[in-house]
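# Report on the structure
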Amino acid sequence: MRRLVIAAPGSGAGKTTVTLGLMAAMRQQGYTVQGFKCGPDYIDPTYHTAVTGRPARNLDSWMAGRANVRQMLANGCQGADLAIIEGVMGLFDGKQPLSDEGSTADIAALTESPVLLVIDAAGMARSAAAIVHGFQTFHPNVRIAGVFANRVGSEGHFRLIQAAIEQMCGIPAVGYLPKDEALTLPERHLGLVPSVERGELDAFFAALGEKVAETVDWEALLQIAESAPPLEAPAPLVQPSRTYPVRIAVAKDAAFHFYYPENLEILAAYGAELVYFSPLAGEPLPEGADGLYIGGGFPEEFAAELARQTAAKQSIRAAIESGLPTLAECGGFMFLTEQLVTTSGEAYDMVGVIPGKVVMKTKLAALGYREVRGRKGNFLLPEGETARGHEFHYSVYEPRSETPFAYDTSGRKGTKPDGCLVHRLVAGYVHFHFASAPAMAERWLAACERVKRDG
């Protein structure tokens, strides 16, 4: 499978711009491109999906487990001509400074994928080769196979950089983008994603692809991608000893759509039928649902619309209060509280299952990986059992009354009790990755089967 990793010495070098430009240009030339993002981020995969027309996926060696990364890549590549894997931060930046765990380099090494290093070439010429040479020699299992120069002053400037890199590093500089404000991506933030999904940046993506197509040596680039060794055949991430014939209702629309694809595939592998519905469009919980999954998203961007969907909210509330086994993550958790308060102070009524409100802040409230340990009463993650996930949100939860915590979370700032247990609902800000603990999915479906059987 042709593939390459797009990496950079650090954040801000332009790897997302280059990634999207290459994806757009390849699609314009008729290639079917599959996008991947190293790490847990949801925003860049939204861009990838918009440009390639295929749902993008995350590759995360810490959260999903090193043993699963190659299989996740192989599964995602089905039907594609080429995979482009966008890195995160700098090439060697990961969970901690003393190892590559969770880094782009880790993903490149695990998947034996060649790396295209994007450098911010403004204000340098021969020095670019020194940067590339340092990255080439840092890790023996990470192969820097080519360079892309971003923000060059002119084609002549690029030729100077290209000559130095090819002389000192022995690899091709395959293309460049000039300094041009028109080629600069809008600042990425959660609120921008709905506009991307509505197609408001399609013209920008098309222009970016056309510009990249003018400056890239396609033969050299494709040779790099083709140098990757074959991947194993696609296979499920789990091999269940039994299956559970239950229906899981999955909220999926512009307000709720942050789901790791592997989570849904693991549920399906265990026998679940996934039935999608849109709370934003006023659709009630599907009939015959034995469980409910409300993932992350942007309820704050659609708070007024969600507040108006009285019937949909009531159907969800009634089902949860009657004991429907439910998982709500981040945006889904926010939706199930009593109120969502915007940064301007407007309060909107939500489902009302969880006592309290969420209040939007102008600054990031939490970001980072989470090791999650279950607490007593958690049917998904029993006391002492662990899973891994990620948090990224601008809101804080203000409880109106005490509810049992669902789990303890550990991150860079220590360990704290977190989440909420209400009825058979597990809710909180953590986005779980089921590949880290497939037993979560099986426990969930077993609970759904018991509810279905007992009526």
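Given the structure is predicted, the values throughout are model-derived calculations rather than measurements. (Residues numbered from 1 in each chain as written. Predicted model: local features only at pLDDT ≥ 70, side-chain atom pairs only at ≥ 80, totals over all residues. Heavy atoms only, no water.)

## A few points about the packing of aromatic side chains
Counted by the stated rule, this structure contains 18 aromatic pairs. Note on Tyr-407 and Phe-432: the rings are 5.6 Å apart at their centroids and 85° apart in plane angle, and the pair reads as edge-to-face. Highlighted residues: Tyr-407 in strand 20 (residues 407-411) and Phe-432 in strand 24 (residues 431-432), separated in sequence by 25 residues. Its relative accessible area of 0% is what places Tyr-407 among the buried residues. Plain terms: the ring middles of Phe-434 and Trp-444 are 6.3 Å apart, the flat faces sit at 85° to each other, and that makes the pair edge-to-face. Of this pair, Phe-434 sits in the loop between strand 24 and helix 14 (438-454) while Trp-444 sits in helix 14, and the two are 10 residues apart along the sequence. There is no split in this pair, since Phe-434 and Trp-444 are both buried. Taken together, Tyr-42, Phe-258, Tyr-260 and Phe-298 form an aromatic cluster joined through their ring pairs. Here the guanidinium or amino end of Arg-242 rests over the ring plane of Tyr-244, the centre of that ring lying 4.0 Å away. (Phe/Tyr/Trp six-rings, centres within 6.5 Å; stacked < 30°, edge-to-face > 60°. Helix = DSSP H or I, 4+ residues; strand = E, 2+ residues; numbered from the N terminus. Buried < 20%, exposed > 50% of the residue type's maximum accessible area, 1.4 Å probe, protein only. Lys NZ or Arg CZ within 6 Å of the ring centre and 35° of its normal.)

## Quick word on the sheet that holds strand 17 (residues 366-374)
Strand pairing within a sheet occurs via backbone hydrogen bonds; the two strands may be parallel or antiparallel. Read across the sheet, 5 strands follow the order 21-20-17-18-24 without closing on themselves; strand pairing throughout is antiparallel. Looking at the sheet topology across the chains shown, the edges are occupied by strand 21 (414-418) and strand 24. In terms of strand pairing, strand 17 meets strand 20 through 4 bridges, oriented antiparallel. Each residue of the ladder has a partner; that of Arg-373, found in strand 20, is Asp-408. (Pairing = 2+ DSSP bridges.)

## Observations regarding the environment of Met-440
For Met-440, the location among the structural elements is in helix 14. The spatial distance from the C-alpha of Met-440 to the C-alpha of Glu-385 is 9.4 Å, given a sequence separation of 55 residues. Ignoring any residue separated from it by four or fewer positions in sequence, one finds Met-440 in contact with Leu-380, Leu-381, Ala-387, Phe-432 and Phe-434. (Contact = heavy atoms within 4.5 Å.)

## Section: the domain arrangement of the protein chain
Frequently, the measure chosen for interface size is the accessible area removed from exposure when the parts meet. Examined at the domain level, the protein chain breaks down into domain 1 (1-225) and domain 2 (244-452). Inter-centroid distance (C-alpha atoms) of domain 1 to domain 2 is 32 Å. If you look at the interface, domain 1 gives 21 residues, while domain 2 gives 22 residues. Summing both partners gives a buried area of about 2,100 Å² for domain 1 against domain 2, and 65% of it is carried by carbon and sulfur. There are 2 salt bridges connecting domain 1 and domain 2. Of the charged contacts, one joins Glu-262 and Arg-57 as a salt bridge, the two residues approaching to 3.1 Å between their closest N and O atoms. Linking domain 1 with domain 2 are 6 residue pairs in polar contact (both at pLDDT 80 or more), by the criterion used here. Listing elements by their share of the side of domain 1 that touches domain 2, those giving two or more residues are strand 3 (57-59), helix 3 (66-76) and helix 7 (193-197). Among the elements that line the side of domain 1 that touches domain 2, the one with the most residues is helix 7, at 3 residues. (Domains from an automatic or database assignment. Buried area = accessible area lost by both parts, 1.4 Å probe. Salt bridge = Lys/Arg side-chain N within 4 Å of Asp/Glu carboxyl O. Polar contact = N/O pair within 3.5 Å; in protein donor to acceptor, adjacent residues only side chain to side chain.)

## A word on the pairing of strand 1 (residues 2-7)
The buried fraction of strand 1 is high, at 5 of 6 residues. Pairing between strand 1 and strand 4 (residues 82-86): 5 bridges, direction parallel. Paired with Arg-3 across the two strands is Ala-83, which belongs to strand 4. As paired elements, strand 1 and strand 5 (residues 115-120) share 3 bridges and run parallel to each other. Within the sheet, the bridge partner assigned to Ile-6 lies in strand 5 and is Leu-116.

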